[in-house]
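Observations on chain architecture
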Amino acid sequence: MLSTATMTANNKNVKDGNVEGNLKKGKEPLVETCPVSVTAADEENAAGVEEHTCKPSENAEHSRSTRDKPSTGYRKNPVPPIVTEFADYHVYNETEVWKNGLGYMYVLPECILLRIIFSLPFPDILSLSSASKALYILTGDEEVWKERWKAIVKKGVVTLHFKGSWKMTCLHPQLDSTRKFKVANRLRIDGFYSPWYSKKWYLTFVELKHFSSCPQTVERRSNLSVEEFQSEYAAKNKPVLITDALKNWPAMQKWQIGEIGKHYGNSIVRTSDLDGDGHRLQSTISDFLEYCSEQSDLDPLYIFDPNYWRSCDGITDDYSVPPYFPLDLFSLLEGHAAKKRKLWRWIVFGPGRSMTKFHIDPCRTAAWNALIAGRKRWAFYPPSFMLPPGGGTRYNAEDDSWENIIPEPLQWYVENYPHLPESIRPIECIQEPGELLFVPTGWWHSVLNLETTVAVTHNFVDQFNIKQVWYDLQRSAASDEDYVDLLNKWSALLQVLFFPKMIRLTFPAHSSPLTTILFCNLHFLLFFL
């Protein structure tokens, strides 16, 4: 994967504007191989894992200090995240490689240049890679090939057969995915340094062990009764980790990384990424397991599938809703068509470095998350925070609205977390296998997977958060007619559920029907609102 500005090769006869050597001989190394470097140690550990070096230009006027330079041996000697800082602004790259290779476009940020390349078809990207050293660097970026792969995937077609890199996956989809592709004829381009690529490289390859410990400020409980949970946590809207709630689940054996493929390997699940038509990317669990073991993405694919129970026959028998959450008022909508369908349960499955940035769960619902395999790092901020530290807003001209801008968790831990004063530190925990986490209503939370993880999560509405959910649906209904339909259907079902009890408790048998109906509606509004 090309995440930095330096690539190595046996061929050293490279001139800017014309790639010689094997290209001149017609061997087309850019099609058969990826322009990256692999060390001998890496080849022994895992084929396809790539190493990059980043050397600043001696003539660069804006080179960052040496403490910003990533270590070349990232697997053994990564840069400690606490002492690493990156500029959040663009520094014009004044190196000759960049200026001569891009012409007037050299003043554009690297992210803008990559967006331009994202939109090009394969032949044009390959042609550009031979035009100059700078374009060789940009077109070799793995994110380019990942985006191109997502753009060509057709709806409903399972095409994830990862070949060790996204470039190989795009260019050779017909090849056997079990082959281990080794990189050869890599080009070395010296005299180039990019703060943007340096940051990207670091976030891609820094070892996650640096983030695997934190202050355990979420309470951990065992032998917790339902009454204690409701009075101490649900009623007070506080997160809690319950360490012994999943002991009797068959999933604790069947969903382990080495076992889930045996039971559900051919089942098709959906990731959180979208294809070129805006549909969820799909994969079999077996193919996704292979991807998890081979990938080295900055932002890996992440299975987040609300319909897993349809494709994985019998998977819902492997677990049960914990006794702490007996009531879900949104379950009343099961079997009742509503324009705004309520998604409420997911299987969550992703490699280390997959993540979910700070967010509040939809409709202000609460949630529980049961971790089967792997480890997760969670960070929480209570509802009193308008945004978590490091977040911001920007104006979206297309929708005529303001939207939140929140960094991804790994970037947030590197750039924001070390500088937070104690007063605004998050509430944190490391969730271990077999632990159940309660995510309260309205809380900001982010997740960083420290290993390949498998979990199941449910969102729910109960007596402790129905008021917040109702208000949120009302706000949404003011601008979205689908939420009006959802709110009307749900309120009617709630009345059917609760009104008979209210009538029996409140009215004698001789009360008039009109009085009963009016009072019941008033009682319903007072009770829930």
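Residues numbered from 1 in each chain as written. Predicted model: local features only at pLDDT ≥ 70, side-chain atom pairs only at ≥ 80, totals over all residues. Heavy atoms only, no water.

**Topic: a nonpolar patch on the surface**
Applied cut-off: Patch membership is restricted to residues that have no salt bridge and whose relative accessible area is over 30%. Joining uses 9 Å for like charges and 5 Å for the nonpolar side chains Val, Leu, Ile, Met, Phe, Trp and Tyr. Only the protein chains shown count as cover for residues, and all accessible areas are computed by the Shrake-Rupley method using a 1.4 Å probe. What makes a salt bridge here is a side-chain nitrogen of Lys or Arg within 4 Å of a carboxyl oxygen of Asp or Glu, nothing more. Secondary structure counts use DSSP, requiring at least four H or I residues in a row for a helix and at least two E residues in a row for a strand, with both numbered from the N terminus.
Side chains of Met 105, Ile 112 and Ile 116 sit close together on the surface and give an oily, nonpolar patch of about 220 Å² of accessible area. One can find Ile 112 in helix α4 (residues 110–118).

**Observations regarding the environment of Tyr 302**
This is how the line gets drawn: Three exposure classes are used, based on accessible area relative to the maximum for each residue type with a 1.4 Å probe and protein chains only: buried under 20%, partly exposed in between, and exposed over 50%. In what follows, residue pairs with any heavy atoms lying within 4.5 Å of each other are defined as contacts. The definition of a polar contact used here is a pair of N or O atoms within 3.5 Å, where within protein one atom must be able to donate a hydrogen and the other to accept one, and adjacent residues in sequence count solely through side-chain atom pairs.
Mapped onto the secondary structure, Tyr 302 falls in the loop between α13 (285–294) and β5 (303–305). Tyr 302 gets classed as buried once you look at its relative accessible area, which sits at 5%. Taking C-alpha positions, Tyr 302 is 4.7 Å from Gly 350, a pair spaced 48 residues apart along the chain. Look past the residues within four positions of Tyr 302 in its chain and what remains in contact with it is Thr 271, Ser 272, Asp 273, Phe 288, Val 348, Phe 349, Gly 350, Ser 354, Met 355, Thr 356, Lys 376 and Asn 449. Within polar-contact distance, the side chain of Tyr 302 engages the side chain of Lys 376 at 3.3 Å.

**Some details on the pairing of strand β9 (residues 376–381)**
Going by this rule: Here, a strand pair is defined by DSSP locating no fewer than two bridges between the strands.
With respect to burial, β9 is a largely interior element, 6 of its 6 residues being buried. Burial of β9 is two-sided: the residues Lys 376, Trp 378 and Phe 380 facing one way and the residues Arg 377, Ala 379 and Tyr 381 facing the other way are all buried. The pairing of β9 with strand β12 (residues 427–431) spans 5 bridges and is antiparallel. In the sheet register, Phe 380 faces β12, and the bridge partner there is Ile 427. Bridge analysis of β9 against strand β14 (residues 444–449) gives 6 bridges, and the strand direction is antiparallel. Bridging across to β14, Phe 380 finds its partner in His 445.

**Describing the packing of aromatic side chains**
Inclusion rule: We call Phe, Tyr and Trp rings a pair once their centres come within 6.5 Å, taking the six-membered ring for Trp, and we label the pair stacked below 30 degrees between planes, edge-to-face above 60, and tilted otherwise. We call a charge positioned over a ring when the NZ of a Lys or the CZ of an Arg lies within 6 Å of the ring centre and within 35 degrees of the ring normal.
Applying the stated criterion to the full structure yields 34 aromatic pairs. Chaining the aromatic ring pairs together yields one cluster made of Phe 229, Tyr 233, Trp 249, Trp 255, Tyr 319, Tyr 324, Phe 325, Trp 368, Phe 438 and Phe 460. The ring of Tyr 417 is capped by Arg 377, whose NZ or CZ atom sits 5.2 Å from the centre of that ring.

**Thoughts on the pairing of strand β11 (residues 401–405)**
When a strand is regular, its side chains alternate between the sheet's two faces. Pairing geometry for strand β10 (residues 392–396) and β11, over 5 bridges, is antiparallel. Each residue of the ladder has a partner; that of Asn 396, found in β11, is Ser 401. Here β10 folds back onto β11 in antiparallel fashion, the turn holding 4 residues, of which Asp 400 has a positive phi close to 55°.

**A word on the side chain of Thr 457**
Its location among the elements puts Thr 457 in strand β15 (residues 453–460). For Thr 457, the side chain forms a polar contact with the main-chain oxygen of Trp 368, separated by 2.8 Å. Setting aside residues up to four positions removed in sequence, Thr 457 forms contacts with Trp 344, Arg 345, Trp 346, Val 348, Ala 367, Trp 368 and Asn 369.

**Details of the confidence of the model for the protein chain**
Put simply, the rule reads: pLDDT gives the predictor's per-residue confidence on a scale running from 0 to 100.
The share of residues in the protein chain with pLDDT of 70 or more is 71%, and the mean pLDDT across the chain is 75. Of the regions scoring below 50 in pLDDT, residues 1–92 engages in 225 contacts with residues more than four places distant in sequence or in other chains.

**Things to note about the pattern of salt bridges**
Tallied over the entire structure, the rule returns 18 salt bridges. The salt bridge partner of Glu 207 is Lys 209, with a shortest N-O separation of 3.4 Å. Overall, Glu 207 belongs to the buried group, its relative accessible area being 18%. The residue Lys 238 makes a salt bridge to Glu 219 at a minimum N-O spacing of 3.1 Å. One end of the pair, Lys 238, is in the loop between α10 (226–234) and β2 (240–242); the other, Glu 219, is in strand β1 (residues 219–221), with 19 residues separating them in the sequence. Overall, the relative accessible area of 35% leaves Glu 219 in the partly exposed class.

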